[in-house]
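# Structure at a glance
Below are the chains, spelled out letter by letter.
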Amino acid sequence: MFSGLSSLVIDEVTGLDGVIVVRARTAGGPVPCPRCGGRTGQVHGYYERTVADVPADGRPVVVRVRVRRMRCPVPGCPVQTFREQVPGVLDRYQRRTARLAGQAGEAARRLAGRAGAGLLAALGVPLSRHTALRLLLRLALPEVAVPRVLGVDDFALRRGHVYATILINAETGQRVDVLPSRKADVLEAWLRDHPGVEVVCRDGSGAYGEAVRRALPGAVQAGDRWHLWHGLAGAVLKEVAAHSTCWAAAGPPLKEGRQAATTAERWRQVHDLTDKGTGLLECSRRLSLSLNTVKRYARAAEPGRMIRAPKYRATLVDPYRDHLRARRAADPAVPVWQLLAEIREQGYPGSMNLLYRYITQGRVEAGRPHLSPKSFTRLLLTRPDALSDSQQTLLAGLTAACPEMTSLAALIGSFAALLRPDPANEAGLQDWAETARACDLPSIHSFTRGLDLDIDAAIAAVTLPFHNGRTEGVNTKTKMIKRQMYGRAGFTLLRHRILLS
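Here the structure is a predicted model, which is why all the values come from computation and not from measurement.

### Here we look at the pairing of strand E6 (residues 59–71)
Strand direction decides the pairing type here: strand E2 (residues 19–26) and E6, joined by six bridges, are parallel. Across the sheet, the residue bridging to Arg23 is Arg64, located in E6. Pairing analysis gives eleven bridges linking strand E5 (residues 43–56) to E6, with the strands arranged antiparallel. The residue bridging Val43 from the neighbouring strand is Met70, located in E6. Between E5 and E6, which follow one another and run antiparallel, lie two residues, and Asp57 among them has a positive phi close to 60°. Sheet topology note: the E6/strand E7 (residues 81–83) ladder contains three bridges and is antiparallel.

What follows is the structure in structure tokens.
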């Protein structure tokens, strides 16, 4: 039970008001002077230290140790007398044994202050949350060598306002450091102080790229394949939404209403100005539209690309669409109340109002309800072998309905093949970009322009085996650590917990 006190001589163990009290003394013998190192056995006096030890049987343990004050035998030593120390058991100025402090610090490392203090109190170690945090900060950070492959990513200390940077070993996932900002100067200073990095894995951040170029001009910057695919997915969604009037032609007929007329008129106004050489910012001022809205209209080759197909959700009428279609084909003038009576006999639980809207929207004659652009995009971005037969049939029909969607599907498949690292992918990525520029897909053109701005990192991403996935995993764990601390702790404590985790 008291094996951790083996360097002491235990004289008595008693129980007092639910607390186990251990009376002990040092073993005696000569000890070295902490200043000059001279060994002495001359005792100047005695004093008692009271420290807490690990609990036993769920009860707190208090150790009262009689410690000697020794006299230094070396003439001229500035230390005339000194207190005897017990390494490994009693640390200087501490009120807990070394093993209890280590266990309490470990609990605080995993649970932070308040939760760690609550767990320790239940185990018989009463201390405050502030003490738990002090024990945590006293834990030594591991010494980590500068990695050959460095992973860099940012995370929010206060979303939208304050960000920090996490650095890890991209090959092992070990935390290297946490920087208090995501600005280029901060990362550049760290890289200059820690030479030896050969490859830097990062996302599309321009600040990180500039910092690496300035501090390590010879290092390889590797983009992240997931971020490349994510960027392409965003461009695909925009293209799918822009061509919704084409691929949704198999659905309910689109109605030409006031919104469609307004869209066409705005498109004409924007293109009349741009054809005369007017800049986009001036178009925005003259038409009282936002600059981003003017850009979207300017990129559209025709007004139809600005019109979005209506979004319909599943309704209670969907299971009876085939019956309704057959009845209306046989008798186009069949009353709605009669159709309602027929499908109610088949189990329809809805109202006539719902059925009437369903018919007037043209959803009875449609082969299927409209898909949303997100649903169609999901089909395009899913591996073909992961789609069911019905989904593959649906995808083939949607892509065949629009030439641009056919080209888009081919571009997605060829880009996905580049995400398996291979040295031959460098030429493949260049060919893919040329093919994409030749297609009438403005959002994909925007994506390729982004690739051109950081082409070296994109080529390294598809040719080298390195990636930033482990850094994203560390960021996920960092979010859990932040939620445990509820924003009360400062950056110093957060950095300590990240590097110890």
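### Some details on the environment of Asp331
Within the secondary structure layout, Asp331 lies in the loop between helix H10 (321–330) and helix H11 (336–345). Looking at Asp331, the relative accessible area reads 34%, which means it is partly exposed. Along the sequence, Asp331 and Ala460 sit 129 residues apart, while their C-alpha atoms lie 64 Å from each other.

### Some details on the pattern of salt bridges
Considering all chains together, one arrives at 27 salt bridges under this definition. The partner of Arg25 in a salt bridge is Asp11, and the shortest N-O contact between them spans 3.2 Å. Here the residue Arg25 occupies a position in strand E2, and Asp11 occupies one in strand E1 (residues 8–16), the gap between them amounting to 14 residues. The residue Arg285 makes a salt bridge to Glu282 at a minimum N-O spacing of 2.3 Å. Residue Arg285 and its partner Glu282 are both found in helix H8 (residues 280–287); the two are separated by three residues, about one turn of the helix. We classify Glu282 as partly exposed; its relative accessible area is 26%. In this structure, a network of salt bridges that share partners links the residues Asp185, Glu188, Arg192, Glu210, Arg213 and Arg214.

### Remarks on the environment of Pro303
By the element assignment, Pro303 lies in the loop between helix H9 (291–299) and H10. Considered as a pair, Pro303 and Arg268 are 35 residues apart in the sequence and their alpha carbons are 7.9 Å apart. Here Pro303 is in contact with Thr263, Ala264 and Trp267, once residues within four sequence places are set aside.

### A look at the environment of His445
With respect to the helices, strands and loops of the structure, His445 is situated in helix H17 (residues 442–453). It is 8.8 Å that separates the C-alpha atoms of His445 and Ala235, two residues lying 210 residues apart in sequence. Apart from residues no more than four positions distant in its own chain, His445 is found in contact with Ala436, Arg437 and Cys439. A polar contact of 3.2 Å, which involves the side chain of His445, links it to the backbone oxygen of Ala436.

Parameters at a glance
Residues numbered from 1 in each chain as written. Predicted model: local features only at pLDDT ≥ 70, side-chain atom pairs only at ≥ 80, totals over all residues. Heavy atoms only, no water. Pairing = 2+ DSSP bridges. Helix = DSSP H or I, 4+ residues; strand = E, 2+ residues; numbered from the N terminus. Buried < 20%, exposed > 50% of the residue type's maximum accessible area, 1.4 Å probe, protein only. Salt bridge = Lys/Arg side-chain N within 4 Å of Asp/Glu carboxyl O. Contact = heavy atoms within 4.5 Å. Polar contact = N/O pair within 3.5 Å; in protein donor to acceptor, adjacent residues only side chain to side chain.

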